[in-house]
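Fold and contact review
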Protein chains: 2
Amino acid sequence: MNVFVELLLFLVTLLYSYLEAFVKLFVPARRKSLSGELVLITGAGHGVGRATALEFAKRQSRLVLWDINKVKKDIGDVTILVTNAGVITTADFLSTQDHQIERMFEVNILGHMWTTRAFLPVMMNNNYGHIVTVASAAGHFVTPYMVAYCSSKFAAVGFHKALTEELCALGKDGIKTTCLCPVFINTGFVKNPSTRLGKILEVEEVVEALMEGIVTNQKMVFVPSNQGVALLLERVFPERALNLLKKMFEVKFDAVVGQRSTQ
Amino acid sequence: MNVFVELLLFLVTLLYSYLEAFVKLFVPARRKSLSGELVLITGAGHGVGRATALEFAKRQSRLVLWDINKVKKDIGDVTILVTNAGVITTADFLSTQDHQIERMFEVNILGHMWTTRAFLPVMMNNNYGHIVTVASAAGHFVTPYMVAYCSSKFAAVGFHKALTEELCALGKDGIKTTCLCPVFINTGFVKNPSTRLGKILEVEEVVEALMEGIVTNQKMVFVPSNQGVALLLERVFPERALNLLKKMFEVKFDAVVGQRSTQ
């Protein structure tokens, strides 16, 4: 194909995509049913994992819940497999121990990759499924005193994107993927977080956005959604302006006290 | 401070930053001398690591070279510490073994984080040093059949960004950071890579860009440099248009055959 034809094809596609996106703003998205679906949740004993399990239970999904913590028994009649994850504390990078770095990666990305790989063959055979990667805003934007955490969450975002791309290349269009990227959530992982960007998220609103993302097959779920704009600004604004902007937003917290689940 | 004043301050900073960037296009950048500097290179036995070692040697740096491979003895009169890294083969994510995923992270990011953490205290005390993270274009853009590789390289980019941010927050402005992100390099890691975007990079041109990035304290070194534009387009263009664009660029390769160094 000649370059001119290709360029024309690209421009037409670009215009069509923008138009499609605009129209979609006014058309309600199709939502898939989750009733009877088999759902495995790692880190289901705490925070986002636990609240997500409750939402799937409401929608009559069949649940398999994993966690290293004791899974609270009030989440209904479910199969519970207790596994992986652990408590991690961190501070400035210098005082982060080597084994803490390793553990952070195991909990935030390696465990998820291993689990995904274990369940992928069945999904591939059926060309059916949905893989949710719980990352973080810290997988796109960095914060001081969370070096190992940010790095492992960048890996989670990279995993989600690469897996999505590979499933597409393999023609497995029946397997959907969603990546959840919330800012600070009030789960006890970070102590006294605060920012001028908005109030700290409650678990419920994160899970609501996640469930909506799952039933509408959204690939990237930012909570709050204005992070998408911030990502664009990051590419366009020079460093000095970005640094000032960050100072103005006053993202701060007292200490990272721990993380109790794979999520 | 009132919001209006803050906004004004931001706009002035933004304009000043753009103006500064424009002026800098015409002013030659200051280059620091590397003579007598103590330089540790991991993965120095092969590819980019080895060629970088040769460049530092030319500039009269004192070298400490690490690699699990036999370090070729023709790189001059240097201290050689042999350590870390290993051979990794990968294919589609499904046929990637769990231990290969783990090894990929060890080689591409964990080893680098451990090494950095070990040498950081001295750098912090002196408020002097330069930490180079060798990532990849795959740390920003994903490719199918390289899921674990992409994920670990995303982690490397995240580590570089978070470390940079933390050093800034700690006021350690004497410690510089550089992240190297080349596309396919002709080092034998990927077999028969090809893309319409340009020819496959030779090790020499990557190292030339890296050395220039180091002596001018550039934070992100893209090779080729047009990847910065691609990152911006990725934020602005809708998915359908991006997918078409990727197809047009025809990034492909036969097989990922192995990786022999931490770089």
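Residues numbered from 1 in each chain as written. Chains lettered and ligands numbered in written order. Predicted model: local features only at pLDDT ≥ 70, side-chain atom pairs only at ≥ 80, totals over all residues.

Tallying secondary structure elements over chain A gives seven helices and eight strands in all. In chain A, once contacts between residues fewer than 6 apart in sequence are set aside, the share between residues at least 24 apart is 64%. (Helix = DSSP H or I, 4+ residues; strand = E, 2+ residues; numbered from the N terminus. Contact = placed C-beta atoms within 7 Å.)

A few words now on the relation of the copies chain A and chain B. The two chain copies are connected by a rotation around an axis plus a translation along it. If you rotate chain A by 180° and push it 0.0 Å along the axis, it lands on chain B with an RMSD of 0.1 Å. Here the transformation between the copies is reduced to the relation of a two-fold axis. Taking C-alpha positions as reference, the residue of chain A nearest the rotation axis is Ala155(A), located at 2.2 Å. With an isologous cut-off of 70% or more, the 100% of interface residues of chain A that recur at the interface of chain B puts this contact in the isologous class. (Least-squares fit on C-alpha atoms with pLDDT ≥ 70 in both.)

This part takes up the confidence of the model for chain A. Residue and element names in this part refer to chain A. When pLDDT is averaged along chain A, the result is 79; 79% of the residues meet or exceed 70. Put simply, strand S3 (residues 79–81) is where chain A has its lowest mean pLDDT, 41, and helix H4 (residues 147–169) is where it has its highest, 93. Confidence drops under pLDDT 50 across residues 72–88; counting only partners more than four residues distant or on other chains, this segment forms 45 contacts. A low-confidence stretch, residues 254–263 stays under pLDDT 50, and its non-local contacts, those more than four residues away or across chains, total 42 contacts. Across the interface, the model reports ipTM at 0.85; the global pTM reads 0.85. (pLDDT = per-residue confidence, 0-100.)

Attention now moves to the interface of chain A and chain B. If you look at the interface, chain A gives 55 residues, while chain B gives 55 residues. Within the residue set of the side of chain A that touches chain B, elements represented by two or more residues are helix H1 (3–24), helix H3 (98–126), H4, helix H6 (227–236) and helix H7 (239–249) of chain A.

All names here are of chain B. Where strand S1 (residues 38–42) lies against strand S2 (residues 62–66), five bridges are found, and the strand directions are parallel. Counted as the bridge partner of Val39 is Leu63 from S2. Chirality of the crossover, the property in question, places the unit of S1, helix H2 (residues 47–58) and S2 among those that are right-handed. (Pairing = 2+ DSSP bridges. Right-handed = clockwise from strand over helix to strand, strands pointing away.)

All names here are of chain B. With respect to the secondary-structure elements, Phe141 resides in the loop between strand S4 (129–134) and helix H4 (147–169). With 21 C-beta atoms counted inside 10 Å, the residue Phe141 sits in the buried group. Placed 94 residues apart in sequence, Phe141 and Arg235 show a C-alpha to C-alpha distance of 12 Å. (Buried ≥ 20, exposed ≤ 12 C-beta atoms within 10 Å, placed from the backbone.)

What follows is about helix H5 (residues 203–215) of chain B. Residues and elements named next belong to chain B. If you check H5, its first and last C-alpha atoms are 18 Å apart, about what 13 residues at 1.5 Å a residue would give, namely 18 Å. Buried residues of H5: Val206, Val207, Ala209, Leu210 and Ile214, and no others. For H5, the buried positions fall inside an angular range of 160° around the axis, keeping them on one side. Contacts made by the buried residues of H5 are with H2, S4, strand S5 (175–182) and strand S7 (220–223). Positioned one or two residues after H5, Asn217 has a phi angle of 55°, which is positive. (Expected span 1.5 Å × (residues − 1). Arc of directions from axis to C-beta.)

Quick look at the sheet that holds S5(B) now. Residue and element names in this part refer to chain B. Strand order in the open sheet formed by three strands is S4-S5-S7, and the pairing between neighbours is parallel. Only two strands of the sheet have a single neighbouring strand rather than two, namely S4 and S7. On average, each strand axis in the sheet is tilted by 20° relative to the strand beside it, whichever way the strands run. Summarising the sheet, S5 and S7 pair through four bridges and their orientation is parallel. Within S7, the residue paired with Cys181 across the bridge is Phe222. (Axes fitted to C-alpha atoms, helices over the stretch in contact; angles between N-to-C directions.)

Further remarks concern the packing of H4(A) against H4(B). In contact at an axis separation of 7 Å, H4(A) and H4(B) are set at 150° when each is read in the N-to-C sense. By the angle between their directions, the pair H4(A) and H4(B) is classed as roughly antiparallel. Considering only the axes of H4(A) and H4(B), their crossing is right-handed. Looking at the contact of H4(A) with H4(B), its residues break down into 16 nonpolar, six polar and four charged. (Parallel < 35°, antiparallel > 145°, perpendicular 65-115°, else oblique. Left-handed = near helix turned anticlockwise from the far one by under 90°. Nonpolar A, V, L, I, M, F, W, Y, C, P; charged D, E, K, R; others polar.)

On to the nonpolar core. Residues Val221(A) and Val221(B) are the most contacted members of the largest nonpolar core, which totals 94 residues. If sequence neighbours within four positions are ignored, Val221(B) has contacts with Thr178(B), Cys179(B), Leu180(B), Cys181(B), Ala209(B), Leu210(B) and Gly213(B). (Core = buried A, V, L, I, M, F, W, Y, C linked by C-beta atoms within 7 Å.)

On to the pairing of strand S5 (residues 175–182) of chain A, then. All names here are of chain A. Most of S5 is tucked away: seven of the eight residues are buried. Relative to S5, strand S4 (residues 129–134) runs parallel, the two being bridged by six bridges. Residue Gly129 lies in a different strand from S5, and its bridge partner there is Ile175. At this point the chain moves from S4, through H4, to the parallel S5, and the crossover so formed is right-handed.

All names here are of chain A. Pairing in this open sheet of three strands is parallel, and the strands run S4-S5-S7 from one edge to the other. Two strands lie at the open edges of the sheet, namely S4 and strand S7 (220–223), each paired on one side alone. Ignoring which end each strand starts from, the neighbouring axes of this sheet average 20° apart. This element, H4, spans S4 and S5 of the sheet and lies at about 160° to S5. Along the sheet, helix H5 (residues 203–215) contacts S4, S5 and S7; its crossing angle with S7, the most-contacted strand, is approximately 160°.

In this structure, Pro224(A) follows Val223(A) across a cis peptide bond, with omega equal to -5°. Of note, Pro224(A) is situated in the loop between S7 and H6. At Gln60(B), a position not held by glycine, the phi torsion is positive, near 60°. With respect to the secondary-structure elements, Gln60(B) resides in the loop between H2 and S2. We note that Asn217(B) has phi near 55°; this positive angle belongs to a residue other than glycine. Structurally, the position occupied by Asn217(B) is in the loop between H5 and S7.

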